[in-house]
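Fold and contact review
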Amino acid sequence: MTKSAVIIGAGIVGAACARSLALAGLDVVIVDRATSVSGTTARGEGNLLVSDKAPGPELALALKASAGWPELVNEIAQELGEDFPSIEFEAKGGIVVATTEQGAAPLLAFAAAQRQAGVEAHELTVEEALELEPELNPALTAAVHYPQDAQVQPVIAAEALLASARKHGARVMQCTRILGPIMSDGALIGVVTDRGELRADAVVIAAGPWSGEVASTLGVDLPVRPRHGMVLVTSRMKQRVFHKVYDADYVGAVGSGDAALQTSSVVESTASGTVLIGSSRQQIGFDSRLRPDTLSELAAKAIRLFPFLTEQAIIRTYGGFRPFMPDHMPLVGADPRMPGLWHATGHEGAGIGLAPVTGDLIAA
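Residues numbered from 1 in each chain as written. Predicted model: local features only at pLDDT ≥ 70, side-chain atom pairs only at ≥ 80, totals over all residues. Heavy atoms only, no water.

**What about the overall build of the chain?**
So the rule is basically this: Secondary structure is summarised from DSSP: a helix means a run of H or I of at least four residues, a strand means a run of E of at least two, and numbering begins at the N terminus for each. Two things to know: the radius of gyration comes from C-alpha atoms, and the globule rule equals 2.2 Å times the number of residues to the power 0.38. Partly exposed describes any residue whose relative accessible area lies between the buried limit of under 20% and the exposed limit of over 50%, with all areas from a 1.4 Å probe on protein chains only and scaled to the type maximum. The criterion used for residue contact is that any of the two residues' heavy atoms lie within 4.5 Å. Accessible surface is estimated by sampling points in the Shrake-Rupley manner with a 1.4 Å probe; for residues, cover comes only from the protein chains shown. Neither His nor the chain ends contribute to the count of charged residues, in which Lys and Arg are positive and Asp and Glu negative. Charge placement uses NZ in Lys and CZ in Arg. For Asp and Glu, CG and CD serve respectively.
Across its full length, the chain carries nine helices and 19 strands. Expected size for 364 residues packed as a compact globule is a radius of gyration near 21 Å; at 20 Å, the chain falls within 12% of this value. When its C-alpha atoms are laid out on the principal axes, the chain stretches across 65 × 45 × 40 Å. Across the 364 residues in the chain, those meeting the buried criterion constitute 56%. Across the chain, contacts joining residues at least 24 apart in sequence account for 74% of those joining residues at least 6 apart. Counting only carbon and sulfur atoms, one obtains 53% of the accessible surface of the chain, whose full area is about 15,000 Å². Across the chain, the centroid of the 28 positively charged side chains sits 6 Å from that of the 40 negatively charged ones.

Below you can see the structure in the form of structure tokens.
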């Protein structure tokens, strides 16, 4: 008899889980209370990073994901054909810089530890950094090149994974709310929705920052919290930024559990010719209001990296919520408290890059 799975959440992580499970032969239904790919995935930058992760389980996942993305891109292109838009995969690499004397030694030590874990991390002189990024402010104290960093257009990538999952039999139920669990002898055997019951051998919560709310509806506690972030988007221009470039402060912001506002400079071009400027992190619940003081801080820090940005107009800003876990580790696997319940959440800002390997882990 064919095994079945219900996946709650139709962002990129849920889409990747659906594709992997459908390829494994399961009968898959994806449920989202809104429309597909309309939450966190739609408000990200599409980063596929190894450069921001310290040695440990998440870096191991990121390295595996990094190695698999090119093959996945080719598979999806063959499955969906030329009529489906490109997911804009670009193996552009990243450059991390220190802009103070105090920041240089920690950056180089971090890179050295990553190299021991298998990351390609090449120390650069100022001259070498400027060869790779001619517009970069030369007043830097250290720089490291990460050729494994890459980028995709996150919405198109998620839609492509969903389209692939559908080709392999998965169904998507949009605008469908989870009302409660269906239990049998202490095990979860499905969910009650506002459109009826869905019974399954496995229920996978992949609802990003809303995963805690979904888990509570099903009867378990899950400490996933929303962490708000904002991004600036410039007007289109001839390409003047060629890698993902960020200040070493970004690594500290990613790894911090502080609820207060943290900002760091992250600058990168897109295929459409705009430049994305981030990043901020703040735990303020699901308050989605944009904050001008935060946006001003992001702009000022970006200008310190790339002075030419003073000439560019900001055409829009956007914000979103990352799924934050207190230990900074993605939560992937079976819930030992409730047989039949699985989790694929808590990736914070790494969900785009780690989605495919997360789906493979759930399928395995």
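Still more to cover.
**A look at the packing of aromatic side chains**
Put simply, the test is: Any two of the Phe, Tyr and Trp rings considered here, Trp counted by its six-membered ring, make a pair once their centres fall within 6.5 Å; the pair's planes then place it as stacked at under 30 degrees, edge-to-face at over 60, or tilted in between.
This structure, assessed with the given rule, holds three aromatic pairs. Both rings, one in Phe286 and one in Phe321, keep their centres 5.2 Å apart while their planes meet at 70°; by these two values the pair is edge-to-face. With Phe286 in the loop between strand S16 (275-281) and helix H8 (292-305) and Phe321 in strand S17 (residues 314-324), this residue pair connects regions lying 35 residues apart in the sequence. Taking relative accessible area as the criterion, Phe286 reaches 39% and is therefore assigned partly exposed.

**A closer look at unusual backbone geometry**
Cis geometry is adopted by the peptide bond preceding Ser279, which originates at Gly278 and carries an omega value of -5°. The topology assignment puts Ser279 in strand S16. Although it is not a glycine, Val37 sits at a positive phi angle of roughly 55°. One non-glycine residue, His328, lies in the positive phi region at around 65°.

**Observations concerning the side chain of Ser4**
With respect to the helices, strands and loops of the structure, Ser4 is situated in strand S1 (residues 4-8). We classify Ser4 as buried; its relative accessible area is 14%. Beyond its immediate chain neighbours, meaning those up to four positions away, Ser4 contacts Leu26, Asp27, Arg199, Ala200, Asp201 and Ala202.

**Structural notes on the side chain of Ser280**
To be explicit about the condition: Definition of a polar contact: a pair of N or O atoms within 3.5 Å, with one able to donate and the other able to accept a hydrogen when the atoms are protein atoms, and with sequence-neighbouring residues admitted only if both atoms are side-chain atoms.
Mapped onto the fold, Ser280 is located in strand S16. Within the local environment of Ser280, its side chain forms a polar contact with the backbone nitrogen of Met230, the two atoms lying 2.9 Å apart. If we skip the residues at most four places from it in the chain, Ser280 touches His228, Gly229, Met230, Leu261, Gln262, Thr263, Thr294, Leu298 and Arg322.

**Digging into the packing of helix H1 (residues 12-23) against helix H9 (residues 351-363)**
Note the threshold: Fitting a line to C-alpha atoms yields each axis, with helices limited to the stretch in contact; the angle taken between N-to-C directions then spans 0 to 180 degrees. Crossing handedness is read from the near helix: turned anticlockwise from the far helix by less than a right angle, it gives a left-handed crossing, and turned clockwise, a right-handed one. When residues are sorted by character, Ala, Val, Leu, Ile, Met, Phe, Trp, Tyr, Cys and Pro go into the nonpolar class, Asp, Glu, Lys and Arg into the charged class, and all the rest, Gly among them, into the polar class.
Axis separation between H1 and H9 bottoms out at 8 Å; the angle between their running directions is 35°. For the pair H1 and H9, the crossing hand works out as right-handed. Two secondary-structure elements touch here, H1 through Ile12, Val13, Ala16, Cys17, Ser20 and Leu21 and H9 through Gly351, Ile352, Ala355, Pro356, Thr358, Gly359, Asp360, Ile362 and Ala363. For the contact of H1 with H9, the residue count by class is ten nonpolar, four polar and one charged.

**So, the sheet that holds strand S15 (residues 262-269)**
For sheets, the rule is that strands pair by backbone hydrogen bonds, running either parallel or antiparallel. Cut-off, in case you're wondering: Two strands form a pair only when DSSP identifies at least two bridges running between them.
Across the sheet, which stays open at both edges, the eight strands sit in the order S5-S6-S4-S14-S15-S16-S13-S17 with mixed pairing between neighbours. Each end of this open sheet is capped by a strand with a single partner; those strands are strand S5 (122-124) and S17. For this sheet the average axis-to-axis angle between neighbouring strands, irrespective of direction, equals 25°. Seen against the sheet, helix H3 (residues 101-116) touches strand S4 (94-98), S5 and strand S6 (142-146) and runs at an angle of roughly 25° to S6. This element, H8, spans S4, strand S13 (225-234), strand S14 (244-247), S15, S16 and S17 of the sheet and lies at about 55° to S15.

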